[in-house]
Amino acid sequence: MTGTSTADFGGVFQGKRVLVTGHTGFKGGWLCLWLRQLGARVTGLALPPETTPSIFDCCALDGVIDSRFANINDSAALATALNGVDADIVIHMAAQAIVRASYDTPAETFLTNVVGTAHVLDQARAMPSLKGAIVVTSDKCYENNEWVWGYRENDPMGGSDPYSASKGAAELLTASYRRSFFCAPEGPQLASARAGNVFGGGDWAADRLIPDIIRATLAEKPTVIRNPASVRPWQHVMEPLSGYLTLAARMLTGDRVDEGWNFGPDNDAVVEVETLAAQISAAWGNGGPRFEFGRRSDALHEAKILKLDSTKAATYLGWRPRLTLDQAIQMTVEWYRKQAEGADMRALTEGQISRYCELAAKG
């Protein structure tokens, strides 16, 4: 495999057409801004933002990319929305992404995360210029045995809750499409990517730890921490996004990376929920978060221990996390505090991306 710079990816994105599904979401917003900095021509496809505020609105993304709206569950509406789009790279992130919500709408979760993925891949494989597609799933796609070691890419798919099972099913679907439609040696590639518990500025989703903490803090209320002893692989949003971009850059340069990849944090960022909450409080300082610990009355099954092994990505892609957990928390707290103060959030977000790239360039 030929190398590409972690900072600018060898300039391979300059002028390339990239379709990002889920661009109105938290991770999608960051990815679109990063791709734009790299010189890509970005088209976004998603439902309108589901939260108010949203990173899409705070960063005025509709003014800097080609933004289109459609439900990926509706194949006809999706085809209409993507009429005329011929991407070099497709990065599919549109999903029902909340574990607890999957208990309320299990069928809709499977429809979006599995059938919706098939609809997107059907559109992608019909694009004449396509070099590759990346399906973003989750660390929760693995059959979780509560092991203390990280899951590797060849471990079985599974999931006890509807969300986790839908992500495991999306991985199986992706593998099937790879073998059926993306199998020509010189043809477009299809990879999948699995990340840990991602956080960063601009996430306002319900039933996610850091957005819950930020909302409560700004409202001067305590945050109820439902499972303080649960262990998770915490990572700033730019860490897995750098992995997705690494895969996309390899596809554009002709390297074969058409398989599943883990992009998880180092072991020192795999900590209990209570530990992360305390670090956020320390980073905020005076007037920061307050907590109430204990299970909620509507507690549902959630894994207690979950880790990823990213040795494969480190070995074959040269990818590794660049931020310590403390640095990631500091950047996240800075983002939310500046947003509350009315700062220019597109400029601040782009500035954080540039700082991350400077760290990456130093090796």
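Structure first, text after, so check above.
Given the structure is predicted, the values throughout are model-derived calculations rather than measurements. (Residues numbered from 1 in each chain as written. Predicted model: local features only at pLDDT ≥ 70, side-chain atom pairs only at ≥ 80, totals over all residues. Heavy atoms only, no water.)

1. Observations regarding the overall build of the chain
Along the chain, the regular secondary structure elements total 12 helices and 12 strands. Taking 2.2 N^0.38 as the reference for a compact globule, 363 residues should give roughly 21 Å; the C-alpha atoms of the chain span a radius of gyration of 19 Å, in line with that estimate. In terms of overall dimensions, the chain has a C-alpha envelope of 55 × 40 × 40 Å along the principal axes. Partitioning the intrachain contacts of the chain with sequence separation of at least 6 by distance along the chain shows that 80% fall at a separation of at least 24. For the chain, the computed accessible surface area is about 14600 Å², with 50% contributed by carbon and sulfur atoms. Distance between charge centres in the chain, computed from 35 positive and 41 negative side chains, equals 2 Å. (Helix = DSSP H or I, 4+ residues; strand = E, 2+ residues; numbered from the N terminus. Rg over C-alpha atoms; globule rule 2.2 N^0.38 Å. Contact = heavy atoms within 4.5 Å. Areas by Shrake-Rupley, 256 points an atom, 1.4 Å probe, with all protein chains shown as cover. Lys, Arg positive; Asp, Glu negative; His and termini not counted. Charge placed at Lys NZ, Arg CZ, Asp CG, Glu CD.)

2. A look at the packing of aromatic side chains
According to the stated counting rule, one finds 14 aromatic pairs in the structure shown. Ring geometry for Trp147 versus Trp149: centroids 5.5 Å apart, planes at 20°, classification stacked. Judged by its relative accessible area of 26%, Trp147 falls in the partly exposed class. Through successive ring pairs, a cluster of aromatic residues spans Phe9, Phe13, Trp34 and Tyr356. In this structure, Arg125 is placed above the aromatic ring of Phe181, and the distance from its NZ or CZ to the ring centre is 3.9 Å. The lysine or arginine in question, Lys312, covers the ring of Trp261, its NZ or CZ lying 4.4 Å from the ring centre. (Phe/Tyr/Trp six-rings, centres within 6.5 Å; stacked < 30°, edge-to-face > 60°. Buried < 20%, exposed > 50% of the residue type's maximum accessible area, 1.4 Å probe, protein only. Lys NZ or Arg CZ within 6 Å of the ring centre and 35° of its normal.)

3. Quick word on the nonpolar core
In this structure, Phe13, Trp30, Trp34, Leu35, Leu247, Phe263 and Leu276 are the most contacted members of the largest nonpolar core, which totals 74 residues. With 9 residues, the top contributor of residues to this core is helix 8 (residues 238–252). In this structure, Phe13 is in contact with Leu35, Leu38, Gly39, Ala40, Leu245, Ala248, Ala249 and Leu252, ignoring residues within four places of it in sequence. Judged by nonpolar contacts, the second largest core, of 24 residues, contains Leu19, Leu82, Ala94 and Val120. (Core = buried A, V, L, I, M, F, W, Y, C linked by side-chain atoms within 4.5 Å.)

4. What about the packing of helix 1 (residues 26–37) against helix 8?
Helix 8 packs onto helix 1 with a crossing angle of 55° between their chain directions and a minimal axis gap of 10 Å. Taken together, the axes of helix 1 and helix 8 are oblique relative to one another. In the crossing of helix 1 with helix 8, the sense of the turn from one axis to the other is right-handed. Where helix 1 abuts helix 8, its residues Lys27, Trp30, Leu31, Trp34 and Leu35 lie against Met238, Leu241, Ser242, Tyr244 and Leu245. When its residues are assigned to classes, the contact of helix 1 with helix 8 shows 8 nonpolar, 1 polar and 1 charged. (Axes fitted to C-alpha atoms, helices over the stretch in contact; angles between N-to-C directions. Parallel < 35°, antiparallel > 145°, perpendicular 65-115°, else oblique. Left-handed = near helix turned anticlockwise from the far one by under 90°. Nonpolar A, V, L, I, M, F, W, Y, C, P; charged D, E, K, R; others polar.)

5. What about the environment of Gln352?
When you line up the elements, Gln352 lands in helix 12 (residues 345–361). A sequence separation of 17 residues divides Gln352 from Trp335, and the C-alpha atoms of the two residues are 8.9 Å apart. Apart from the residues within four sequence positions on either side, Gln352 is in contact with Trp30, His236, Met238, Met331, Glu334 and Trp335.

6. Overview of the pairing of strand 4 (residues 89–92)
Side chains Ile89 and Ile91 of strand 4 all project onto a buried face; the interleaved residues Val90 and His92 project onto the opposite face, where all are buried too. Judged from the 4 bridges that link them, strand 1 (residues 17–21) and strand 4 form a sheet pairing that is parallel. Note on strand 4: the bridge partner recorded for Val20 is Ile91. Pairing of strand 4 with strand 5 (residues 132–136), which is carried by 4 bridges, proceeds in the parallel orientation. Looking across to strand 5, one finds that Ile89 is bridged to Gly132. (Pairing = 2+ DSSP bridges.)

7. Some words on the sheet that holds strand 11 (residues 270–272)
Reading across the sheet, the 3 strands line up as 7-9-11 and stay open at both edges, with mixed pairing between neighbours. In this open sheet, the two strands that pair with only one neighbour each are strand 7 (197–199) and strand 11. With strand direction ignored, the average angle separating the axes of adjacent strands in the sheet is 50°. Alignment of strand 9 (residues 231–236) against strand 11, held across 3 bridges, turns out to be antiparallel. Bridge pairing in strand 11 places Pro233 opposite Val270. Its contacts with the sheet put helix 8 on strand 7 and strand 9, and the angle it makes with strand 9 is roughly 70°.

So far we have only geometry, and geometry alone does not tell us how the molecule works.
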